[in-house]
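Structural features, examined
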Amino acid sequence: MKILGVSGSPRGGSTTDQLVQAVLAGVEGCETEFVSLAGKQIGACIACLGCVKDNVCKVKDDMAALRPKIVAADAYVIGGANYYSMLNGLTHTFLERFYQFRHQEGKAVAGKLGVAVGIGGSSGDFVVANVKTFFQYNQIECVGAVSAQGPASCFVCGHGETCKVGAIHMFFGPGTKITPDITPSLDKQPDKIEQAKALGRALSERLRGFAAAT
């Protein structure tokens, strides 16, 4: 049984990457693979309906190379970031392209399991809700979700301390200095790491149960 973990953050090594990997770290007795979408070109569904006859997307970009991994996996751990209180664009377009699997009662992903992962400057809950919606449309059973806090870009953009509309002013108030103490990181949230690992164990337990039943 195989679990595919996908981080839709456009920033390699991000907190989203880390939390998806924490879920995979909890997996027992199943093969895992982690994929970062950072640097990949994955466009939106263009509604061409070219996938209707064979359930294969005809858009030529990096999604084509990921399709075999998606089909081969028995479960998914999908993580995204909170941009403007919604799922970030790269994760959204990746999941939007699952439309190719829906035609003529397509079963390439239907009936499989999933875990939703969300990261945000204040909360990843919006992200989790969006990923769950994609799971529902594709008949993927969500066995659980985990969200955590990550550093907004304002922490590293170079203007975070003075920008009056940025996350530093919003969360901490004017005059706040950016220090390691106030910069969010996953290692400061051990409860989230343990929750993620517990989800990985639960996910793999469900898959092993399926295998035993067959």
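A few points on the structure.

**A word on the environment of G114**
Inspection of the secondary structure assignment puts G114 in strand β5 (residues 113-120). Since its relative accessible area comes to 0%, G114 is described here as buried. Residues G114 and I140 lie 26 residues apart in sequence; the distance between their C-alpha atoms is 6.3 Å. Those residues in contact with G114, other than ones at most four positions away along the chain, are Y76, F135, I140, E141, C142, V143 and G144.

**As for empty space enclosed by the protein**
Taken as a whole and judged by the stated rule, the model has two cavities of 30 Å³ or more. The space that makes up the largest cavity amounts to roughly 100 Å³. Considering the residues around the largest cavity, the lining is formed by 13 residues, among which C45, C48, C51, C57 and Y99 are closest to the centre. Considered class by class, the residues forming the lining of the largest cavity number nine nonpolar, two polar and two charged. Along the walls of the second largest cavity sit L4, V6, V35, L66, K69, I70 and F94, which together make up its complete lining. Looking at which element gives the most residues to the lining of the second largest cavity, the answer is helix α2 (residues 63-72), with three residues.

**Structural notes on the packing of aromatic side chains**
One pair of aromatic rings is described through two measures. These are the centre distance and the angle between the planes. Within the structure shown, the criterion is met by four aromatic pairs. Ring centres of F98 and F101 lie 5.4 Å apart, and the angle between their planes is 85 degrees; this geometry places the pair in the edge-to-face category. Assessed through its relative accessible area of 4%, F98 is described here as buried. Relative to F172, the ring of F155 has its centre 6.4 Å away and its plane inclined at 85 degrees; by these criteria the two rings are edge-to-face. With F155 in the loop between β6 (141-149) and α5 (167-172) and F172 in helix α5, this pair connects stretches of sequence that are 17 residues apart. Residue F155 is classed as buried on the basis of its relative accessible area, which comes to 9%. Ring pairs connect the aromatic residues Y76, F94, F98 and F101, which therefore count as one cluster.

**As for the side chain of K112**
When you line up the elements, K112 lands in the loop between α3 (89-96) and β5. Although buried, K112 forms no salt bridge, and the nearest oppositely charged side chain, D74, lies 5.7 Å from it. When near neighbours in sequence (up to four residues on either side) are disregarded, K112 contacts I70, V71, A73, D74, Y76, Q139, I140 and E141.

About the cut-offs
- Residues numbered from 1 in each chain as written.
- Predicted model: local features only at pLDDT ≥ 70, side-chain atom pairs only at ≥ 80, totals over all residues.
- Heavy atoms only, no water.
- Helix = DSSP H or I, 4+ residues; strand = E, 2+ residues; numbered from the N terminus.
- Buried < 20%, exposed > 50% of the residue type's maximum accessible area, 1.4 Å probe, protein only.
- Contact = heavy atoms within 4.5 Å.
- 1 Å grid on protein atoms, 1.4 Å probe; cavity = no way out; pocket = protein on both sides within 12 Å on 5 of 7 lines; lining within 4 Å.
- Points joined across faces, edges and corners; volume = space filled by probe spheres on them.
- Nonpolar A, V, L, I, M, F, W, Y, C, P; charged D, E, K, R; others polar.
- Phe/Tyr/Trp six-rings, centres within 6.5 Å; stacked < 30°, edge-to-face > 60°.
- Lys, Arg positive; Asp, Glu negative; His and termini not counted.
- Salt bridge = Lys/Arg side-chain N within 4 Å of Asp/Glu carboxyl O.

Everything listed here is a matter of coordinates, which is why it stays silent on function.
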